[in-house]
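# Remarks on the overall topology
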Amino acid sequence: MPKSALTVASLVRDPTMQAGVSRWLAAGRYTLVSVDPLADPVADLDRLREEFDALLIEADAVDGSVLSGLTERGLVLPAVVIGEVNGEVSFHEAEVRLQADQLEQLSYCLDAAVSRFLRQGLGNPAEANPGPGFAVSVSPPTGGQDDQPSAAKAGAAVATSEAPRPWRLDGRLKERLGLLGVFYKRDPSRFLRNLPKGEQDDLLRSLERSYRDLLIHYFRNPSAANQALESFVNTAFFSDLSITTTVQIHMDLIDLFSKRLQLEGHKSDFLQDYRLALLDVMAHLCEMYRRSIPPDVPLMPFASEA
């Protein structure tokens, strides 16, 4: 897996963020190429469309015209959007959101973005499937007419694009990553237990932050909660976070919230309702592990039958 490096176009303007991005993608798994978001990133990416496999987008550095320009030219790539977890979808349905102060999860989010992209068929507009992703849906669960996934819009835009040649990014990604992609071939070197102690601590703090965002938004903003849940579950899956640690993160945060409420003279009984959030996380993790079993694996005969 480490040899199958992907080339990531970085539309990041903030120097501090760019330094953080370079640090957390420095392991050689990805090749990072900076594209100036203030110049003409659409033209640059179109000219080099065969060079890039994924996008890294600083939400505040790229305006909507750039993203719509990419969609109009059929440049719909796996994307991680670095910005506030607020439930908004900036580029397409398969994008993954990550807070700027959680770059420890960046490599895991890129894997998740590629997996979501392949499963939803966005690299092949003719097969685009805006149905539910393998983990969670970024869009609100209401699914009304106005909430039609942007993947469908992207697919429609791509289908009518004036791009001079067909572009089958999904085939290229599968060729580089193997037929089953990153989803079935997690990299053990990036499992939490195999990281250096300092990186373990950084990743755990970042996961706690994602879970805290999930709890804060859970009953108030379902779309933002979905993005926080997605960030947590994706990283938990690709870092092989234990269920025990997941439960401990939940318990520690609920205990912290309870103590704060009591100090402020408020009741804290309602915190029991947040067990639903933990059940949600467990359900999505179970689904990811279920789907991580490669399909159509031939059964091996027992030794006595061989």
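Below is a short write-up of the structure. The model shown is predicted, which means the values in this text are computed figures rather than measured ones.

Before going further, it helps to examine the overall build of the chain. A count of helical and extended segments in the chain gives 10 helices and 5 strands. At a minimum sequence separation of 6, the contacts of the chain that also span at least 24 residues come to 74%. For the chain, the computed accessible surface area is about 14900 Å², with 54% contributed by carbon and sulfur atoms.

This next bit is on the nonpolar core. Membership of the largest hydrophobic core comes to 54 residues, with the highest contact counts inside it found for Val80, Tyr211, Leu214 and Phe232. Residues in contact with Phe232, not counting those within four places in the same chain, are Leu207, Ser210, Tyr211, Leu241, Thr246, Ile249 and Val281. The next biggest cluster of nonpolar side chains, apart from the first, holds 18 residues, and it includes Leu11, Val35, Leu55 and Ile57.

For the structure shown, the criterion picks out 6 aromatic pairs. Plain terms: the ring middles of Tyr218 and Phe219 are 5.0 Å apart, the flat faces sit at 85° to each other, and that makes the pair edge-to-face. Residue classification places Tyr218 among the buried positions, given a relative accessible area of 17%. Between the aromatic rings of Phe219 and Tyr274, the centroid separation amounts to 5.0 Å while the plane-to-plane angle is 75°, which identifies the pairing as edge-to-face. Residue Phe219 is located in the loop between helix H7 (197–217) and helix H8 (222–238), and its partner Tyr274 is located in the loop between helix H9 (243–263) and helix H10 (275–291); the two are separated by 55 residues in the primary sequence. Assessed through its relative accessible area of 45%, Phe219 is described here as partly exposed. Joined through ring pairs, the aromatic side chains of Tyr218, Phe219, Phe270 and Tyr274 make up one cluster. Across the ring face of Tyr108, the terminal group of Arg190 is positioned such that the distance to the ring centre comes to 4.9 Å.

Let us now look at the sheet that holds strand E1 (residues 6–11). What the 5 strands build is an open sheet, ordered E2-E1-E3-E4-E5; its pairing is parallel. Each edge of the open sheet carries a strand with a single partner, namely strand E2 (30–34) and strand E5 (96–98). Taking the axes of each pair of neighbouring strands and ignoring which way they run, one obtains an average angle of 25° across the sheet. Where strand E4 (residues 79–82) and E5 come together, 3 bridges link them in parallel fashion. Of the residues in E5, the one forming a bridge with Val80 is Val96.

Parameters and conventions
Residues numbered from 1 in each chain as written. Predicted model: local features only at pLDDT ≥ 70, side-chain atom pairs only at ≥ 80, totals over all residues. Heavy atoms only, no water. Helix = DSSP H or I, 4+ residues; strand = E, 2+ residues; numbered from the N terminus. Contact = heavy atoms within 4.5 Å. Areas by Shrake-Rupley, 256 points an atom, 1.4 Å probe, with all protein chains shown as cover. Core = buried A, V, L, I, M, F, W, Y, C linked by side-chain atoms within 4.5 Å. Buried < 20%, exposed > 50% of the residue type's maximum accessible area, 1.4 Å probe, protein only. Phe/Tyr/Trp six-rings, centres within 6.5 Å; stacked < 30°, edge-to-face > 60°. Lys NZ or Arg CZ within 6 Å of the ring centre and 35° of its normal. Pairing = 2+ DSSP bridges. Axes fitted to C-alpha atoms, helices over the stretch in contact; angles between N-to-C directions.

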